[in-house]
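# Understanding the architecture of this molecule
Next come the chains, spelled out residue by residue.
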Amino acid sequence: MWDSKFKEALPILERIESFGYQAFFVGGAVRNQLLAIPITDVDIATSAPPTAIQEIFPKVIPVGIEHGTVIVRHNHESFEVTTFRLEGTYSDKRHPDRVTFIADLDLDLSRRDFTMNALAMDRLGSVYDPFNGQNDIRNKMIRTVGNPNDRFMEDPLRIIRAFRFVSQLGFFIEEETLSAVLSSIEWIDSLAVERLANELEKLFRGDYCRVAIRLCSELNLWRRLPVFNKIDDVSSLLANINSPLVGLYEVFAYIKLNNPAVQIKEIVREWKQSNHTFHTTKQLVESVELYMKSGLTPWLVYQLPSELYHSFIRLVEVTLGEQINENQLQQTEKELPIKNKKMIDFSGHDLIKLYPNRVKGPWVQRYLNEIESAIVTKKLTNNYIEIKEWVHTCHPPENA
Ligand code: ATP
Ligand code: MG
């Protein structure tokens, strides 16, 4: 049975072929189809040059046209279409210095990292497998296409990709490839951190992350990675991760929770991640710390956006070995008297009106925070009169 993603992409192969060019499904999609596991994205390789693809299809986004890659939009879906190519050396360790477009599928497959990824499938389902990738898939083997030392030197990202495929697929690294990993591992130092981050994220989220993490520890990978290389006994710390973490912010939060001296800002900066990752990491760390202090309180649930429930549950499990049920979070959320600040029946303006002689300043915000906390923890009802009464008679702001 073909994955529905292939079926959606089939008209693209057919159209390219109708213009006299070759077109194939390639890479991870073919590998996963043979393994009968879900496909993330369908990549297409073609003998047509990028300019021809632009003429053949009405909607084409030229994302990496100089490297031969364009995105074809079809039925509101995106498909990466890459012209058969050969790559030069990667002297900046980011992009190949030059790319040569070629007309030969076998040569295109020969530049790919592992035999299991050097497969192509045509529109009728015939598989092209010049490097015996299907055999390696059957034996669960990760093996480079060609000499592993040369391939790792050419692009050391392939080393960490090998580990992430161990994590995703539960495969083993073939002996010769593994010994090349060992002797080449220091080349990882030369890689752009953004490329590493992408693979590292996949490594921690794989179903077999425990096995992959153990292997990375055995081969001393952590010494080569920013932040990880500064953690004492990093192998023991990571050995406690016994289920996948999704998103680098979960990994960063795990590191911070176990190493309070490390600054989240510093972790995010060293890994060149976004402000969004910074805030998400911080939110998760604060929530787990609140949980450690007082359990699953309404205040904790109020602070935690629902899109982070799963991250929070995973982190509590990995960090504390405790299971939280998503229903518990949802039920607590449902019972919250307010969902956000905007729902408070009292404003900064109301507060200033109550204390007209007091100079406006940060006390207003501070005091609104107190009101918010009293409402969420049900010490105070969310009602204008009651809040006013509460402020005025029981809890006047200091020096008011
Ligand atoms: P996933 O299913 O996780 O997307 P994938 O195998 O498709 O896995 P991608 O990173 O999407 O991995 O890369 C697509 C294909 O491009 C790979 O299957 C491989 O053939 C090739 N490839 C990617 N990165 C490299 C690299 N650094 N060196 C050589 N070939 C690569
Ligand atoms: Mg892919």
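Residues numbered from 1 in each chain as written. Chains lettered and ligands numbered in written order. Predicted model: local features only at pLDDT ≥ 70, side-chain atom pairs only at ≥ 80, totals over all residues. Heavy atoms only, no water.

Turning next to the nonpolar core. Membership of the largest hydrophobic core comes to 116 residues, with the highest contact counts inside it found for I44, F163, W222, F228, W271 and I371. Contacts of F228, omitting those with residues within four sequence positions, involve L200, F204, W222, V234, L238, V251, I255 and W271. Core analysis: the next-biggest nonpolar cluster, separate from the first, contains 10 residues, I102, L105, L109 and V145 among them. (Core = buried A, V, L, I, M, F, W, Y, C linked by side-chain atoms within 4.5 Å. Buried < 20%, exposed > 50% of the residue type's maximum accessible area, 1.4 Å probe, protein only. Contact = heavy atoms within 4.5 Å.)

Every one of the 16 residues lining ligand 1 counts as a neighbour, but R31, D155, R158, R161 and R164 are closest to it. The contact in question runs from an oxygen atom of ligand 1 to an N or O atom on the backbone of N117, over 3.1 Å. Side-chain polar atom of Q168 to an oxygen atom of ligand 1: 3.5 Å apart, as the coordinates give it. About the coverage of ligand 1: the protein hides 84% of its 590 Å² of free accessible area. Elements with a contribution of two residues or more to the shell around ligand 1: α2 (28-35) and α7 (157-169). With 5 residues, the top contributor of residues to the shell around ligand 1 is α7. In terms of residue class, the shell around ligand 1 is made up of 1 nonpolar, 5 polar and 10 charged. Domain assignment of the residues forming the shell around ligand 1 places at least three in each of domain 1 (1-135) and domain 2 (140-235). (Near = heavy atom within 4 Å. Polar contact = N/O pair within 3.5 Å; in protein donor to acceptor, adjacent residues only side chain to side chain. Areas by Shrake-Rupley, 256 points an atom, 1.4 Å probe, with all protein chains shown as cover. Helix = DSSP H or I, 4+ residues; strand = E, 2+ residues; numbered from the N terminus. Nonpolar A, V, L, I, M, F, W, Y, C, P; charged D, E, K, R; others polar. Domains from an automatic or database assignment.)

What follows deals with the domain arrangement of the chain. Each assigned domain of the chain is listed with its residue range as follows: domain 1 (1-135), domain 2 (140-235), domain 3 (245-336) and domain 4 (342-400). Measuring from the centre of the C-alpha atoms in domain 1 to the corresponding centre in domain 4 gives 61 Å.

With that settled, the discussion passes to the packing of aromatic side chains. Taken as a whole, this structure holds 15 aromatic pairs when the rule is applied. Look at F346 and Y384: their rings are 5.4 Å apart centre to centre, the planes differ by 35°, and that puts the pair in the tilted class. Linking F346 in the loop between α17 (326-334) and α18 (348-354) with Y384 in helix α20 (residues 384-394), this pair joins segments that are 38 residues apart in sequence. On the basis of relative accessible area, F346 is assigned to the buried category, the value being 5%. Here a set of aromatic residues connected by ring pairs shows up, and it is made of F204, W222, F228 and W271. One residue, R164, lies across the ring of F165, its end atom 4.3 Å from the ring centre. (Phe/Tyr/Trp six-rings, centres within 6.5 Å; stacked < 30°, edge-to-face > 60°. Lys NZ or Arg CZ within 6 Å of the ring centre and 35° of its normal.)

Of all 11 residues in helix α12 (residues 248-258), 9 are buried; the element is thus mostly enclosed. For α12, the elements touching its buried residues are α9 (193-205), α11 (234-239), α13 (264-270), α14 (275-294) and α16 (309-320).

Here we come to the side chain of T46. Position of T46 relative to the elements: it lies in strand β2 (residues 43-46). Other than its neighbours up to four places away in sequence, T46 contacts I16, Y21, Q22, A23, I53, V81, T82, T83 and F84.

Before going further, it helps to spend a moment on the pairing of strand β5 (residues 77-83). Both β2 and β5 contribute to a ladder of 4 bridges, which runs parallel. Bridge assignment links I44 to a residue of β5, and that residue is V81. Examined bridge by bridge, strand β4 (residues 69-74) and β5 share 6 bridges and lie antiparallel to one another. Bridging from a neighbouring strand, I71 pairs with E80 of β5. Here β4 folds back onto β5 in antiparallel fashion, the turn holding 2 residues, of which N75 has a positive phi close to 50°. (Pairing = 2+ DSSP bridges.)

Further remarks concern the sheet that holds β4. Judged by pairing direction, the sheet is mixed, and its 7 strands sit side by side in the order β3-β4-β5-β2-β1-β8-β9 without closing on themselves. Pairing within the sheet leaves two strands with one partner each, and these edge strands are β3 (60-64) and β9 (127-128). The sheet contacts of α2 involve β1 (23-26), β8 (120-121) and β9, and relative to β1 the element is tilted by about 65°. (Axes fitted to C-alpha atoms, helices over the stretch in contact; angles between N-to-C directions.)

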